[in-house]
Structure formats: structure tokens, C-alpha cells
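# Overview (structure and organization)
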Amino acid sequence: KDKFRKAGAIILSSLEKYAKVQCGYAAIENVETKKTRDHMDSYFLAETVKYLYLLFDDSPETAVFRNASKYIFNTEAHLLPLSKPPPPEFLVSPD
């Protein structure tokens, strides 16, 4: 779990350093030059920020959604309930 949170902290730091602008977060046009576009992709808030929130959230209200045998998030960060637990080989251990 800590390695994912460390990676998330690096992502957050980079977003603050390179993408934060006066009205939100800009898209990065070129990762080498860090040039930004005057645009924030719609998925930034709907997916990226949601995943980062859930990565650091330890509240009891969302604990059930962190149970990988009951729920999974799709690539668009939508929560999907599972009718039965997935096989163990499909689960990624956060350790």
C-alpha cells in the first residue's frame, strides 16, 4: 500500500508543480518541456483526482469500496459491484 501512496504523492507533487494554473489544472502538451495547453481534460477530475482521493482516503465511509473482492473500478473510475470475488490471481496486492 505504501508504494502506491508514494507513487501517488509523486503524481500529486508533479501536478501541483507543472499543471496547476490559476483556474484549475492544465493539460501538459510536452512532458519534456513541461509546456501546458489552455485546456483541462474532462477526465482529469472524473478519473485522475478520484483515483488519487481514493488512494489516500482511509475513512470508514469508503472502506467497503476498497474491498477488491466486492468492488472494482473500471478505467473511467466508475465503481462496479462484483457478483462474486475474482480469482486470487486477478488481485494485485498493495504490499
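Our subject in this report is the structure included herewith.

Calculation rules
Residues numbered from 1 in each chain as written. Predicted model: local features only at pLDDT ≥ 70, side-chain atom pairs only at ≥ 80, totals over all residues. Heavy atoms only, no water. Phe/Tyr/Trp six-rings, centres within 6.5 Å; stacked < 30°, edge-to-face > 60°. Buried < 20%, exposed > 50% of the residue type's maximum accessible area, 1.4 Å probe, protein only. Lys NZ or Arg CZ within 6 Å of the ring centre and 35° of its normal. Helix = DSSP H or I, 4+ residues; strand = E, 2+ residues; numbered from the N terminus. Salt bridge = Lys/Arg side-chain N within 4 Å of Asp/Glu carboxyl O.

Further remarks concern the packing of aromatic side chains. Inspection of every chain in the model, using the stated rule, returns three aromatic pairs. Both rings, one in Phe-65 and one in Tyr-71, keep their centres 5.3 Å apart while their planes meet at 75°; by these two values the pair is edge-to-face. The exposure class of Phe-65 is partly exposed, given its relative accessible area of 30%. Above the ring of Tyr-18, the side-chain terminus of Lys-34 is found at 5.2 Å from the ring centroid.

With that settled, the discussion passes to unusual backbone geometry. The backbone of Lys-34 sits at a positive phi, close to 65°, despite the residue not being glycine. Mapped onto the elements, Lys-34 comes out in the loop between strand 3 (28-30) and strand 4 (35-36). Residue Lys-34 is classed as partly exposed on the basis of its relative accessible area, which comes to 34%.

Moving on to the pattern of salt bridges. For the coordinates displayed, the defined rule picks out four salt bridges. Among the salt bridges present, the one from Asp-58 reaches Arg-5, with a minimum N-O distance of 2.6 Å. Linking Asp-58 in the loop between helix 2 (42-56) and strand 5 (71-73) with Arg-5 in helix 1 (residues 2-19), this pair joins segments that are 53 residues apart in sequence. The class of Asp-58 is partly exposed, set by a relative accessible area of 46%.

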